[in-house]
Each structure stands twice: as structure tokens, then as C-alpha cells.
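# Structural characterization, general
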Amino acid sequence: MNIGKARAYTNIALIKYWGKKDDQLILPMNNSLSLTLDAFYTETSVLFTTELSADRFYLDGQLQNEQQTKKIGRFLDLVRHTYDVPLFAEINSHNFVPTAAGLASSASGLAALAGACSAALNLSLSPKELSKLARRGSGSACRSIFGGFAEWQKGDSDDTSYAIQVPSDSWEEELSMLFVLVNDAQKDISSRDGMKRTVETSVFYQGWLNAVTDDLATVKQAIGEKDFTRLGETVESNALRMHATTLGATPPFTYWSPDSLKAMNLVRICRQEGILCYFTMDAGPNVKVLVQKKDSKWLMARFAEQFSKNQLVLANAGPGIEILDSERSLTHD
């Protein structure tokens, strides 16, 4: 069989996915909308072969142990079961993320793995089918199949939960995002555990669900009208509401750090100084700042006054998944 190889880019949710209604199928409680970015990506190759008696997983050139291979193995088991493939696989994955970025690569990683499996097995999966497959590895991976803006439709079954492209007339090419990397330490509470605790115990969670549908409609309208102010205001308030749900959990928790607050405050100061920019945060302390590309260099310089250069990464809109050419042999002896 061929080696299948794919590249997929990280996406950042502008309207957040926060909470699952089905842990096994990874069906979310609400629709979400993201922007795929060009600065961070994963390249993965897969070879299914009779030469292996177990799956073998290399990450950035290092052979991973059984525990580290577990999540990949579960995904490969799904592929084997779905497409009747009685073979183990060698996986080689490389994350192209700045050193100490502290950014989760599961979205790009599992999207790339889905694409590589499709290529290796000559499945010719459509973007919709790839999105459904990637979702089973990592929920947000379903959005990394698409470039620019993508909406993950929550659905109510394995077959109806997948991402779609959001029409934008290429407006995303006029936007940038500044990553403010304030902390790369292991999180005290993982995204998975934090999400579960919030859904099960937070007194604020229903309020989040009540508001997120309107947020999504507002953002899609702003994209259609190319209204940056409306987009940014809604993105920022949506992120704040998501993080507020963690304070209502039992026991309460937060992903914010002092430097997170420092970055958020600087965004507000920049707006007072006349530059439109808006922050968002995922389940971690790092802050992402949405800005128009024409103002991005100014914003970068302004943040460099308070943060070190290696804490700042500027990204632009990125493409969808790419299937790459590969050799036809095992890459390790």
C-alpha cells in the first residue's frame, strides 16, 4: 500500500465549542465557528503494512511509548473497523509550532491523520467525510479540514456532526491573529476534564448555551457584511462567557493567569488608542488577538513593549487540509 501524507493547519474557535453531549462520538452541545491559521500546522504520514505486529507512532522523529500511542491507536482502530483494514500502521507526525508555544496541536494533528489515512487507503474521502472522521479523533479537528472560516454543525448523530465552509468572499485574507503565549506549562485541568466539570456542575452553563446561538448568528452576519467591529465584539464576549462558566463550576476553576489579564487589558488599551482589536482564549492561559491585517504590525510592536519577542506569533488565515506526495516505503527500520 501507499504511504499517505497530509498537512493540516490549526484553527482557533471564534465561537467556542464547550461541552459534549456524547463523549464517545464527540458530539458537541453547540455549533462553533473557527478561523484556520497559517502559522501552526502538522504534517503526518501513515503506512498500513503487513510488516508490523503493532502500531508504531513517531512524533517529531521520536518513537512514542504505548501510553502516548493510545489515542492514535483508538483512531486507527476506528479506521480499521470502518474501512475493513486488518493491518497495523506506522505513523510519522511532525508539529510545526514555535518552540514553547504552549498550543494544543490536536486539531491539526488529528485532521492531518485523517487525511493521511484516507490517502494511504485510497479512500478519496470528501471534505465532509474527512471532517466527520477527524471529529472522532478530536472535536475541533473537524474544522481544520477547511481553510478560512468553518462552522462545526453539532448534529445529533455520527453522520450529522461535521464542519462546513462559511462563505466569506475571501474576507479572512484581510484579517490576522496575534498569539500571546503567556504560559506553556501543563494545565492543572485539561480541556476535556474542565469541559466535563462545567457541563455537569456549572450554574452558568445554561446561560452559555442560551447565548451562543445568537453569538453564532451575529458572527456569520458580520462575516457576510465584512463588519470587523461587530465580529470582534461578539468573539470577545463569547470567549468571556465561556470562561465565566468555569467560575460557576463545582469546584470553580479558571484557565487565566496574571499575564492573561495583562494581555486582555492591553487589548482594551489598544482600542482606546484607536486600533480595533479583540481577544479570545481557549481552555488555557494564552491570549489570541484578532486584528485587521493592515494594523497587525502596529499591534505586534505595541505588544512587544510588554511581552518578549518569543511570546508573540503573528498568523494570517490558513488553507484547508492538503494531501501531499509520499514515498512508498517505511521511513524507519
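Parameters and conventions
Residues numbered from 1 in each chain as written. Predicted model: local features only at pLDDT ≥ 70, side-chain atom pairs only at ≥ 80, totals over all residues. Heavy atoms only, no water. Helix = DSSP H or I, 4+ residues; strand = E, 2+ residues; numbered from the N terminus. Buried < 20%, exposed > 50% of the residue type's maximum accessible area, 1.4 Å probe, protein only. Polar contact = N/O pair within 3.5 Å; in protein donor to acceptor, adjacent residues only side chain to side chain. Contact = heavy atoms within 4.5 Å. Domains from an automatic or database assignment. Buried area = accessible area lost by both parts, 1.4 Å probe. Salt bridge = Lys/Arg side-chain N within 4 Å of Asp/Glu carboxyl O. Core = buried A, V, L, I, M, F, W, Y, C linked by side-chain atoms within 4.5 Å. Axes fitted to C-alpha atoms, helices over the stretch in contact; angles between N-to-C directions. Parallel < 35°, antiparallel > 145°, perpendicular 65-115°, else oblique. Left-handed = near helix turned anticlockwise from the far one by under 90°. Nonpolar A, V, L, I, M, F, W, Y, C, P; charged D, E, K, R; others polar. UniProt positions renumbered as here; feature names shortened; annotations may be inferred.

### Notes on unusual backbone geometry
- For the bond running from threonine 250 to proline 251, omega is -10°, close enough to zero to count as cis.
- Note that proline 251 resides in the loop between helix 6 (228–247) and helix 7 (258–272).
- The backbone of serine 124 shows a phi angle near 50°, a positive value even though the residue is not glycine.
- With respect to the helices, strands and loops of the structure, serine 124 is situated in the loop between helix 2 (106–120) and helix 3 (127–137).
- Taking the relative accessible area as the measure of exposure, serine 124 reaches 67% and is therefore exposed.

### What to know about the side chain of threonine 280
- When you line up the elements, threonine 280 lands in strand 11 (residues 277–280).
- Residue threonine 280 is classed as buried on the basis of its relative accessible area, which comes to 2%.
- Here lysine 16 takes part through its side chain, which lies 2.9 Å from a polar atom of the side chain of threonine 280.
- Not counting residues within four places of it along the chain, the set of residues in contact with threonine 280 comprises Ile12, Ala13, Lys16, Val235, Ala239, Asn286, Val287 and Lys288.

### Here we look at the domain arrangement of the chain
- As assigned here, the chain comprises domain 1 (2–170) and domain 2 (171–316).
- Averaged C-alpha coordinates put domain 1 and domain 2 at centres separated by 23 Å.
- Contact with domain 1, which involves 34 residues of that partner, is made by 46 residues of domain 2.
- Buried surface at the junction of domain 1 and domain 2, both sides included, amounts to about 3,300 Å², of which 69% is carbon and sulfur.
- If you sort the residues of domain 1 by the area they bury against domain 2, Ile15, Lys16 and Trp18 come out on top, with a joint share of 26%.
- Counting across the domain 1 and domain 2 interface gives 4 salt bridges.
- One salt bridge connects aspartate 169 with lysine 226, and the closest N-O pair in it is separated by 3.1 Å.

### Describing the environment of aspartate 215
- By the element assignment, aspartate 215 lies in helix 5 (residues 205–225).
- The spacing of aspartate 215 and valine 235 is 20 residues in sequence and 7.9 Å in space, taken between C-alpha atoms.
- Every residue in contact with aspartate 215, bar those within four places of it in the chain, is listed here: Ile15, Thr234, Asn238 and Arg241.

### Quick look at the nonpolar core
- Core analysis: the largest hydrophobic core is formed by 74 residues, its most contacted members being Leu33, Val46, Phe48, Phe149, Phe179 and Leu231.
- Formed by 18 residues, the second largest nonpolar core is a distinct cluster that contains Leu178, Val182, Val289 and Phe303.

### Observations concerning the packing of helix 2 against helix 3
- Close contact between helix 2 and helix 3 brings their axes to 8 Å; oriented N to C, the two are set at 125°. Relative to helix 3, helix 2 is oriented oblique. Seen from above, helix 2 lies across helix 3 with right-handed handedness. Touching Leu110, Ala111, Ala114, Gly115 and Ser118 of helix 2 are Leu130, Leu133, Ala134 and Gly137, all from helix 3.
- Per-class residue counts for the contact of helix 2 with helix 3 are 6 nonpolar, 3 polar and no charged.

### Looking at the UniProt feature "domain: Mvd1 C-terminal" (unreviewed entry) in the chain
- If you check UniProt for "domain: Mvd1 C-terminal" (unreviewed entry), the listed places come out as residues 178–311 in our numbering.
- Here residues 178–311 is 57% helix and 10% strand, with 10 Å between the C-alpha atoms at its ends.

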